[in-house]
Amino acid sequence: MSDKTKFEIEFVIQASPQLLYQYISTPSGLSEWYADNVNSRSELFTFIWDGSEENAKLLKKKSDEFVKFSWEENDDDSFFEMRIIVDEITKDVSLFITDFADDDEVDEAKMLWENQVSDLKQVLGSK
């Protein structure tokens, strides 16, 4: 088992939790911002970037709240999760990402998420 570092990153997104959930939980939604193309067969999702494919298993999901995936190639307990948090008072919607990366790649992984979530915000018309 490789030792990866868990990190969390939060983005405020101006969209309803229901709409945001469609973009983080469905192949068509994920294809809009996360990967070039995404296909799924039940719990197995295939993410395609520049012709290369990576498979992830959908471990858990709860409608309008979160999705949790595990990359098939990983032989550890790492996962990545996208959770929708709504502030009780302000009603602000945040996308809370939990992911794992090797110690020397955490900053790079965070930058990758920032770029991808920036694409998501553009698709949603969020600032």
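Within each chain, residues carry numbers counting from 1 in the order of the written sequence. With the structure being a predicted model, the display of local features is reserved for residues of pLDDT at least 70 and the display and counting of side-chain atom pairs for 80 or more, all residues being used for whole-chain, interface and lining totals. Calculated side-chain values reflect all of the structure's heavy atoms, with hydrogen atoms and water omitted.

- Within an unreviewed UniProt entry, the label attached to the chain reads SRPBCC superfamily protein, and the organism entered is Flagellimonas eckloniae.

**A look at the sheet that holds strand E2 (residues 37–41)**
Phase 1: Spatially, 7 strands are ordered E1-E7-E6-E5-E4-E3-E2 in an open sheet, and the strand pairing comes out antiparallel. Both edges of this open sheet fall to strand E1 (5–12) and E2, since each of them pairs with a single strand only. Adjacent strand axes in the sheet meet at a mean angle of 25 degrees, parallel and antiparallel pairs treated alike.
Phase 2: The sheet contact formed by strand E4 (residues 52–62) and strand E5 (residues 66–71) spans 6 bridges and is antiparallel. The residue of E5 that forms the bridge with leucine 58 is phenylalanine 69.
Phase 3: Sheet strands touched by helix H1 (residues 17–25): strand E3 (44–49), E4, E5, strand E6 (80–86) and strand E7 (93–101). Its angle to E6, the strand with the most contacts, is close to 175 degrees. Note on pairing: DSSP must find at least two bridges between two strands before they are called paired. Numbering of helices and strands starts at the N terminus; helices are DSSP runs of H or I of at least 4 residues and strands are runs of E of at least 2. Lines fitted to C-alpha atoms define the axes here, with helix axes fitted over just the stretch in contact, and angles between the N-to-C directions of these axes take values from 0 to 180 degrees. Contacts between residues were defined by any pair of non-hydrogen atoms, one from each residue, lying within 4.5 Å.

**What to know about the packing of aromatic side chains**
Phase 1: Two aromatic rings from Phe, Tyr or Trp, using only the six-membered ring of Trp, form a pair when their centres are within 6.5 Å; if the ring planes differ by under 30 degrees the pair is stacked, by over 60 it is edge-to-face, and anything between is tilted. A complete count under the given rule lists 16 aromatic pairs for this structure.
Phase 2: Ring geometry for tryptophan 49 and tryptophan 71: centres 6.1 Å apart, planes at 55 degrees, overall tilted. With tryptophan 49 in strand E3 and tryptophan 71 in strand E5, this residue pair connects regions lying 22 residues apart in the sequence.
Phase 3: Residue tryptophan 71 is classed as buried on the basis of its relative accessible area, which comes to 13%.
Phase 4: On the basis of an interplanar angle of 50 degrees and a centroid distance of 6.1 Å, the ring pair of phenylalanine 80 and tryptophan 113 is categorised as tilted. Within this pair, whereas phenylalanine 80 is found in strand E6, its partner tryptophan 113 is found in helix H3 (residues 106–124), the two being separated by 33 residues in sequence. The residues phenylalanine 80 and tryptophan 113 share a single accessibility class, namely buried. Buried means the residue's accessible area, taken with a 1.4 Å probe over protein chains only, is under 20% of the maximum for its type, while exposed means over 50%, and partly exposed covers the values in between.

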